[in-house]
Amino acid sequence: MAKNSLDYNQFTELPERFWLYVDKTDTCWLWKGKIDDGYGRFWLIGKLYLAHRLIYAVLKNKLQNISQIDHLC
C-alpha cells in the first residue's frame, strides 16, 4: 500500500510507461493500471505510489504532506 510519507515532489516528469495506464477521455483521465482500495497505484523506483498524487505533483503543484487531492472521476 502506498504511504503518505513518500516524496511525490522528487519527480519532474513521469516515465513513458506511466502514460500507458492513462486513458484520456474528453472529461476525465482514467487509470487502467493497478488499483488497490479504490486508488490507482504505480511502482516507481522500487516504491508504490498513488497515481493521482504522482500526476498532480508533476503536472500541477508540489504537494504538502497534508495535501488532499480530490478527484471526481
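Each value, and the rule that gives it
- Residues numbered from 1 in each chain as written.
- Predicted model: local features only at pLDDT ≥ 70, side-chain atom pairs only at ≥ 80, totals over all residues.
- Heavy atoms only, no water.
- Helix = DSSP H or I, 4+ residues; strand = E, 2+ residues; numbered from the N terminus.
- Buried < 20%, exposed > 50% of the residue type's maximum accessible area, 1.4 Å probe, protein only.
- Contact = heavy atoms within 4.5 Å.
- Phe/Tyr/Trp six-rings, centres within 6.5 Å; stacked < 30°, edge-to-face > 60°.
- Lys NZ or Arg CZ within 6 Å of the ring centre and 35° of its normal.
- Core = buried A, V, L, I, M, F, W, Y, C linked by side-chain atoms within 4.5 Å.
- Salt bridge = Lys/Arg side-chain N within 4 Å of Asp/Glu carboxyl O.

Trainee: Even after reading the chapter, I still don't get the environment of I69, so can you show me in this structure?
Mentor: By the secondary structure assignment, I69 is in the segment after α2 (51–59). Exposure remark for I69: the relative accessible area of 15% places this residue in the buried category. Separated by twelve residues in sequence, I69 and A57 have C-alpha atoms that sit 9.9 Å apart.

Trainee: Help me understand α2 in this model?
Mentor: For α2, the buried fraction is high: seven of the nine residues fall into the buried class. Those residues of α2 that sit buried are A51, H52, R53, L54, I55, A57 and V58. Considering only its buried residues, α2 is in contact with α1 (16–19), β2 (29–31), β4 (39–44) and β5 (47–50).

Trainee: How should the packing of aromatic side chains be read in this particular structure?
Mentor: Each pair of aromatic rings is reported with the distance of its centres and the angle of its planes. Evaluation of the coordinates by the stated rule reveals nine aromatic pairs. Seen in terms of ring centroids, W19 and W29 are 6.0 Å apart; in terms of plane orientation they differ by 80°. Their pairing is edge-to-face. Separated by ten residues along the polypeptide, W19 in helix α1 and W29 in strand β2 bring together distant segments of the chain. On the numbers, 6.1 Å between centres and 90° between planes, the contact of W31 with F42 is edge-to-face. Placement of W31 in strand β2 and of F42 in strand β4 is noted, with a sequence separation of eleven residues between them. Following the ring pairs from residue to residue traces out a cluster consisting of F18, W19, Y21, W29, W31 and F42. Lying across the ring of W29, K24 places its NZ or CZ 4.4 Å from the centre.

Trainee: I keep staring at the nonpolar core and nothing clicks. Help me out?
Mentor: Judged by nonpolar contacts, the single largest core of 16 residues is most densely connected at Y8, F18, Y49 and L54. Put simply, the parts of the chain that give this core at least two residues each are β4, β5 and α2. No other element matches the five residues that α2 contributes to this core.

Trainee: Quick question: what am I supposed to make of the pattern of salt bridges here?
Mentor: Side chains carrying opposite charge are able to pair once their charged atoms draw close together. Enumeration according to the criterion identifies two salt bridges in this entry. Linking D36 and K34 is a salt bridge whose minimum nitrogen-to-oxygen distance equals 3.2 Å. For D36, a relative accessible area of 28% gives the class partly exposed. In this structure K34 comes out as partly exposed when scored by relative accessible area, which is 40%. Across the salt bridge formed by D37 and R41, the nearest N and O atoms sit 3.9 Å from each other.

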